[in-house]
2 protein chains.
Amino acid sequence: MRCLARLSSKALLVLCSLLALLSLLLWSRCSQRSPIPPEPPERRGNADAEEASPHDRPKAPGIPGSAGKGGLRYEEIDCVINEEQTVKGRREGAEVFLPFSWVEKYFQVYGRITQSDGNERFEFSHSYSKVYAQRAPYRPDGVFMSFEGYNVEVRDRVKCISGVEGVPLSTQWGPQGYFYPIQIAQYGLSHYSKNLTEKAPHVEVYETAGDGIGNGDGNGDWTVPKGCSLTTVWDKSRLSGVKQFSCPESSEGVSLELNNGRDFIISFDLKFLTNGSVSVVLETTERNQLFTVHYVSNTQLIALRDRDIFYGIGARTSWSTLTRDLLTDLRKGVGLSNTKAVKQTKIMPKRVLRLVAKGRGFLDNVTVSATAHMAAFFAASRWLLRNQDERGGWPIAVTRKLGEGFKSLDPGWYSAMAQGQAMSTLVRAYLLTKEPAFLGAALRATAPYKLPAEQRGVKAVFMNRHDWYEEYPTSPSSFVLNGFMYSLIGLYDLKETAGEKLGKEARLLYERGMESLKAMLPLFDTGSGTVYDLRHFMLGTAPNLARWDYHTTHINQLQLLASVDDAPIFKEFVKRWKSYLRGGRAKHN
Amino acid sequence: MRCLARLSSKALLVLCSLLALLSLLLWSRCSQRSPIPPEPPERRGNADAEEASPHDRPKAPGIPGSAGKGGLRYEEIDCVINEEQTVKGRREGAEVFLPFSWVEKYFQVYGRITQSDGNERFEFSHSYSKVYAQRAPYRPDGVFMSFEGYNVEVRDRVKCISGVEGVPLSTQWGPQGYFYPIQIAQYGLSHYSKNLTEKAPHVEVYETAGDGIGNGDGNGDWTVPKGCSLTTVWDKSRLSGVKQFSCPESSEGVSLELNNGRDFIISFDLKFLTNGSVSVVLETTERNQLFTVHYVSNTQLIALRDRDIFYGIGARTSWSTLTRDLLTDLRKGVGLSNTKAVKQTKIMPKRVLRLVAKGRGFLDNVTVSATAHMAAFFAASRWLLRNQDERGGWPIAVTRKLGEGFKSLDPGWYSAMAQGQAMSTLVRAYLLTKEPAFLGAALRATAPYKLPAEQRGVKAVFMNRHDWYEEYPTSPSSFVLNGFMYSLIGLYDLKETAGEKLGKEARLLYERGMESLKAMLPLFDTGSGTVYDLRHFMLGTAPNLARWDYHTTHINQLQLLASVDDAPIFKEFVKRWKSYLRGGRAKHN
């Protein structure tokens, strides 16, 4: 005290003032933000505030930006759910707040905190799928539904893109892998659609071997080690100069500098005279390690040894173009597994360094580009041409058990969805090329639509009345909705393309199917979503609810059909089914 | 400053200290409770806290028992719902809390704050209806489903209990009122069931007129004004003494003191020789006002004048028992309206003061009791006997439009539900009385089950395959589930009671119906509730979701049927449909 007493009055006065100011500041700040206000004053005269039920107040109580101010106590409250469990909620006056961690699981909804303009907000979603907008009326030569957004090859149930066939190999129902016509058609249709919606890619040309008349234009930057040779020769069948290489397997191979850090689709024309390989060396994101993808003149599907990935591409003893997505080839190789899913990997190619050829053969037109959609589309289309059987179908080589209560489908079964998606693909190939083989295959593909499951067809009849084309021609019938609609879209493409006479059968099948669809659509409507199939009715079980991505597929398909058929039921159902995505429901009585 | 300067250093020092203390206090309080904390410290080393998703924490953050005090740190956060609307939520760390006022409307669920042991808690319910427990296997002479809990006469669509007919009059689809056989049967069945489940009531006897052999036993406390007479006479038909009264309409009437403050069902035997009335004076909760209910020898349904309520009871020139629920009669009178609903009223009887008779006639066995279920049951049963038409049906006298897309049902239509519920009532009356008329009427009631709607029957056929008995035999068919199941329960009662030969038709109808039910039940299952009917399939519209009370009716009916038919589908559906009441859902694919 003595020490303090010695302070001058002036200094004390200043200190005093400062402290008073500090107190004042703290007080005002504290009272502004205190979530525990004094007991609220009696508000007997204020009936609005006292008696208004939460229903009457669209906004939760509390003034924005000053939660708590004005004095609502915020406290924990036990929330007893259906007399079964208790979760901790919060209470503020008449309002109760429920934790989203509970809401999320209970109602199967979605939500997350996001940043927007520096502010955090919570985004609640009833569902996770988005419906696409049907732009113009659907056309058989146009984009297929919303397939421009599909990326078939990325799916982990695609083991790889076969080097021999150029199409994806599925492991969905068998880890050994099998060619699944639905997946192949979707691979084709997605690339076809991307080709229409994306702008043409830049193509970097590394080697064209010139016009063969002697000047060096189009000659790449080759390295030819000792014991190897590389020459430009004239190819009579192609009317073009090509590069002839000769290189023992034991050598380093002749190598063409690419050094492209932007794009990862490589394409070249190739003809082997002996066994050989063309390899591509990649710099990757994996600690900048080099990986090499080898395309080898054998029939091995895919192999991984250390940082070498191998794809068999067949003998290739006549000219063909090999187009490979190096990103896909790298990632499928690194993720290679013996299970039904490719392992997850973060690896990405960073740079295409060079191409290396071994054995004896010819190369021409070496390019790198961002995309090569038409190559993928035609790979799929030609696979469908080659693999259609004498019954017009694409037999599926794996056993399929749709579920409890259904007999298994034995290998060799046909799917109306495969038939329809194949038609949609083949019709597009026909419209582009005018090759009659494509149209012929599409026309033959109607045959299984006419036969019941017992005769290896895909036709089911609902209650003796409505013809249905089965994605899975099970016993009993399953009436899978999305597969049926794909089968109808295929028929539509075909009947629109084939003309009145050739397309008659497709038209009749389409019309009968559309009649069934219009009649049966309500059976798939749960009032808050859709069912995937009618197994509940066929087996007397619980309805098999469609998860949101199938629900949106249903909507997308209906939108497509609504663009070519003006039956009001399509528009009404599209509208209502869309509303379910945002929590809408059919009325109750 | 000069003024301040004159303050002693000591005083300033004290002030300073006080202010410092205040600052300290405010600081500590303020920082403890501030909902806007300083930026959270980096917690890189604490992966658990950073990365744990809300899923991993069944308990919301915040320390139990210290809600508010000591500080739930929270902030308001905008919750954007399906990119459409914004509600104000609360945020505490990684947990977001959503206001129940929004949850309630969005998900159509229920909740309220309740008191329990002095603590407040929030009770959340997915639905508002309870399922009853099917005790023993159902029997035709037993409780009808859960009808012991029904109170038909209380419904505001019951205009009143007719004095002439002794049964309720409905205003549901016509404010003029009409006898609705379904309502009448349910009135009978509910009282029948209550009679089995409730204990026998105490009956206060006010007048039996003795045995007529001269002694005064059973004589009531009568007041006989001037100009009136009251004598005990021997009634040969009844072999009993009765009270004969004679009283001009203009007089006060002879009056019997009752003074019963406990029970409100009055009953007496009555025979008029002229026009007359029996009135009951009630003390009520309405400012202790007296109301008088007059039972008058005419056919007027009901009237209210001031505090007098009138019910016509017909001529009553031969002996009959009149049993009236004074509570119902009072409230229907006070709530009398010309709309399709009785007005809400809080009035209740408090005390039955006295009975007053006018005109000339006889009275006997005046009692007051808490219930008289069998009187109500037989009133319903005998109404059904009297009102069955030559086609075996109970025609319904109002137009019924089930909804958009259906043709109206013109007055005179039959309902399978009415036929079935009538059977269930009549079979019980038969089993109690062994009067063949009851069984005969029940047997004749099967006739409309065999005819299609176009022939005034109630039969529909689903997809040419499944026979169905229509609550509303609409065009197109509607397939209302609950009415169908009631129609089956009636058939069950009848076939079980009538024996193999007489009951053959009922048995065949029952068996065909049960087959249809088992086949079609899945069509009513939405995976989270049920649909009321199949109008969506018949009309191509949205499903007509069943509100929760219909959903529980479906379950109750299935439970009943499961107790007499061990098909697994019933047990499975009961289990799943019950789970929907607590937010359960069928699996999605």
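This is a predicted model, so every value here is computed, not measured.

The rules behind each value
Residues numbered from 1 in each chain as written. Chains lettered and ligands numbered in written order. Predicted model: local features only at pLDDT ≥ 70, side-chain atom pairs only at ≥ 80, totals over all residues. Heavy atoms only, no water. Helix = DSSP H or I, 4+ residues; strand = E, 2+ residues; numbered from the N terminus. Buried < 20%, exposed > 50% of the residue type's maximum accessible area, 1.4 Å probe, protein only. Pairing = 2+ DSSP bridges. Disulfide = S-S within 2.5 Å. Contact = heavy atoms within 4.5 Å. Salt bridge = Lys/Arg side-chain N within 4 Å of Asp/Glu carboxyl O. Axes fitted to C-alpha atoms, helices over the stretch in contact; angles between N-to-C directions. pLDDT = per-residue confidence, 0-100. Parallel < 35°, antiparallel > 145°, perpendicular 65-115°, else oblique. Left-handed = near helix turned anticlockwise from the far one by under 90°. Nonpolar A, V, L, I, M, F, W, Y, C, P; charged D, E, K, R; others polar. Domains from an automatic or database assignment. Expected span 1.5 Å × (residues − 1). Arc of directions from axis to C-beta. Core = buried A, V, L, I, M, F, W, Y, C linked by side-chain atoms within 4.5 Å.

Q: It is not clear to me how unusual backbone geometry should be interpreted in this structure. Could you clarify?
A: Working note: non-glycine residues mostly have negative phi, and peptide bonds are mostly trans. Residues and elements named next belong to chain A. Put simply, Ser475 and Pro476 share a cis peptide bond, and its omega is -5 degrees. Mapped onto the elements of the fold, Pro476 is located in the loop between β20 (466-469) and α10 (481-502). Notably, Arg456 is not glycine yet its phi reads approximately 65 degrees, a positive angle. Here Arg456 is to be found in the loop between α9 (436-444) and β19 (459-462). A relative accessible area of 34% means that Arg456 is categorised as partly exposed.

Q: What exactly am I supposed to notice about the pairing of strand β18 (residues 349-369) of chain B here?
A: Regular strands place side chains that alternate from one sheet face to the opposite one. Residue and element names in this part refer to chain B. Summarising burial for β18: 15 of the 21 residues are buried, a large majority. Pairing of strand β8 (residues 203-207) with β18, which is carried by 4 bridges, proceeds in the antiparallel orientation. What sits directly across from Val203, in β18, is Ser369. Judged from the 5 bridges that link them, strand β11 (residues 240-247) and β18 form a sheet pairing that is antiparallel. Its bridge partner lying in β18, Gln244 is registered against Phe362. In this sheet, β18 lies alongside strand β12 (residues 254-260) in antiparallel orientation, the contact comprising 5 bridges.

Q: Is there a simple way to think about the state of the cysteines in this case?
A: Across all of its chains, the model carries 2 disulfides over all chains by this definition. The residue that forms a disulfide with Cys228 of chain B is Cys247 of chain B, at a sulfur-sulfur distance of 2.2 Å. Here Cys228 of chain B and Cys247 of chain B share a disulfide; its torsion about the S-S bond, 100 degrees, makes the bridge right-handed. One end of the pair, Cys228 of chain B, is in the loop between β9 (222-223) and β10 (229-235); the other, Cys247 of chain B, is in strand β11, with 19 residues separating them in the sequence. On the accessibility criterion, Cys247 of chain B (3% relative accessible area) is buried. Lacking any disulfide linkage, Cys79 of chain B is separated from the closest cysteine sulfur, that of Cys79 of chain A, by 16 Å.

Q: Whenever I open this one, the environment of Tyr550 of chain B confuses me. Can you help?
A: Within the secondary structure layout, Tyr550 of chain B lies in helix α13 (residues 548-562). With a relative accessible area of 23%, Tyr550 of chain B lands in the partly exposed category. Tyr550 of chain B sits 18 residues away from Tyr532 of chain B along the chain, and the two C-alpha atoms are 7.3 Å apart. Apart from residues lying up to four places away in sequence, Tyr550 of chain B is in contact with Asn589 of chain A together with Asn482 and Tyr532 of chain B.

Q: Whenever I open this one, the pattern of salt bridges confuses me. Can you help?
A: Close approach of charged atoms allows side chains with opposite charge to pair. Residues and elements named next belong to chain B. Scanning all chains against the criterion turns up 49 salt bridges over all chains. Among the ionic pairs, Arg262 bridges to Asp263, the shortest N-O distance being 3.4 Å. A relative accessible area of 7% means that Asp263 is categorised as buried. Between Glu505 and Lys450 there is a salt bridge, with its nearest N and O atoms 2.6 Å apart. Pair noted here: Glu505 is in helix α11 (residues 504-520) and Lys450 is in the loop between α9 (436-444) and β19 (459-462), with a separation of 55 residues, a long-range link. Note on Glu505: relative accessible area 36%, which makes it partly exposed.

Q: Would you explain the sheet that holds strand β5 (residues 119-125) of chain A in this entry?
A: Think of a sheet as strands paired side by side through backbone hydrogen bonds, with each pair either parallel or antiparallel. The mixed open sheet is built from 10 strands, whose spatial order is β4(A)-β5(A)-β1(B)-β2(B)-β3(B)-β3(A)-β2(A)-β1(A)-β5(B)-β4(B). Two strands bound the open sheet, and with one partner strand each, they are β4 (110-116) of chain A together with β4 (110-116) of chain B. Geometrically, the sheet is characterised by an average inter-axis angle of 40 degrees between neighbouring strands, direction not taken into account. Bridge analysis of strand β2 (residues 85-92) of chain A against strand β3 (residues 95-99) of chain A gives 3 bridges, and the strand direction is antiparallel. Bridge pairing links Glu92 of chain A to Glu95 of chain A in β3 of chain A.

Q: Help me understand the environment of Phe462 of chain A in this model?
A: One can find Phe462 of chain A in strand β19. It is 8.3 Å that separates the C-alpha atoms of Phe462 of chain A and Ser477 of chain A, two residues lying 15 residues apart in sequence. Residue contacts for Phe462 of chain A: discarding those within four places in its chain leaves Phe479, Met520, Leu523, Leu534 and Phe537 of chain A together with Met463 and Phe537 of chain B.

Q: Sorry if this is basic, but what is going on with the confidence of the model for chain A here?
A: Residues and elements named next belong to chain A. Put simply, chain A has an average pLDDT of 88, and 86% of its residues get 70 or more. Below pLDDT 50 for its whole length, residues 1-5 participates in 2 contacts with residues either more than four positions away or in separate chains. Below a pLDDT of 50 lies the segment residues 28-70, which in the model reaches 55 contacts outside its immediate sequence neighbourhood of four places, other chains included. For this predicted complex, the interface score ipTM comes out at 0.84, while the overall pTM is 0.85.

Q: What exactly am I supposed to notice about the pairing of strand β16 (residues 308-312) of chain B here?
A: All names here are of chain B. Among the 5 residues in β16, 4 count as buried, and that is most of the element. Strand direction decides the pairing type here: strand β14 (residues 290-296) and β16, joined by 5 bridges, are parallel. Across the sheet, residue His294 finds its bridge partner in β16, namely Phe310. Bridging between strand β15 (residues 303-305) and β16 involves 3 bridges; their strand directions are antiparallel. Bridge assignment links Ala303 to a residue of β16, and that residue is Phe310. With antiparallel pairing between neighbouring strands as the criterion, β15 and β16 make up a hairpin whose turn holds 2 residues, including Asp306 at a positive phi of roughly 60 degrees.

Q: Help me out: how do you make sense of the packing of helix α7 (residues 373-387) of chain A against helix α8 (residues 416-433) of chain A in this one?
A: Packed helices, taken two at a time, are described by their axes: the angle between them and the distance between them. Residue and element names in this part refer to chain A. In contact at an axis separation of 10 Å, α7 and α8 are set at 115 degrees when each is read in the N-to-C sense. With respect to each other, α7 and α8 are oriented roughly perpendicular. In the crossing of α7 with α8, the sense of the turn from one axis to the other is left-handed. Contacts from Met374, Phe377, Phe378, Ser381, Leu384 and Leu385 of α7 reach α8 at Ala422, Thr425, Leu426, Arg428, Ala429, Leu432 and Thr433. For the contact of α7 with α8, the class distribution of residues is 9 nonpolar, 3 polar and 1 charged.

Q: Explain the domain arrangement of chain A to me, please; I cannot follow it from the model alone.
A: How big an interface is tends to be expressed through the accessible area that disappears when the partners come together. Segmenting chain A into domains produces domain 1 (80-125), domain 2 (199-370) and domain 3 (376-581). One C-alpha centre belongs to domain 1 of chain A, the other to domain 2 of chain A; they are set 54 Å apart.

Q: Looking at this model, I keep getting lost on the packing of α13 of chain B against helix α14 (residues 568-581) of chain B. Mind explaining?
A: Residue and element names in this part refer to chain B. One way to put it is that α13 packs onto α14 with a least axis distance of 9 Å and a crossing angle of 155 degrees. Put simply, α13 runs roughly antiparallel to α14. Regarding α13 and α14, the two cross each other, and that crossing is left-handed. The residues of α14 that touch α13, namely those facing Trp548, His551, Thr552, His554, Ile555, Leu558, Gln559, Leu561 and Ala562, are Phe570, Lys571, Phe573, Val574, Trp577, Lys578, Tyr580 and Leu581. In terms of residue class, the contact of α13 with α14 is made up of 11 nonpolar, 4 polar and 2 charged.

Q: Is there a simple way to think about helix α11 (residues 504-520) of chain A in this case?
A: Working note: α-helix, 3.6 residues per turn, so residues spaced by three or four point in the same direction. All names here are of chain A. Spanning 17 residues, α11 covers 24 Å between terminal C-alpha atoms, matching the ideal 24 Å at 1.5 Å per step. Inspection of α11 places Ala506, Leu509, Tyr510, Gly513, Met514, Ser516, Leu517 and Met520 among the buried residues, and these make up the whole buried set. What you see down the axis of α11 is that its buried residues fit within an arc of 160 degrees, all on one side.

Q: Help me understand the nonpolar core, please; the structure alone is not making it clear to me.
A: The nonpolar side chains of a soluble globular protein tend to be buried with one another. Judged by nonpolar contacts, the single largest core of 193 residues is most densely connected at Phe462 and Leu517 of chain A together with Phe462 and Leu517 of chain B. With sequence-adjacent residues up to four places away left out, Leu517 of chain A is seen in contact with Leu481, Phe484, Met485, Leu488, Leu561 and Phe570 of chain A.

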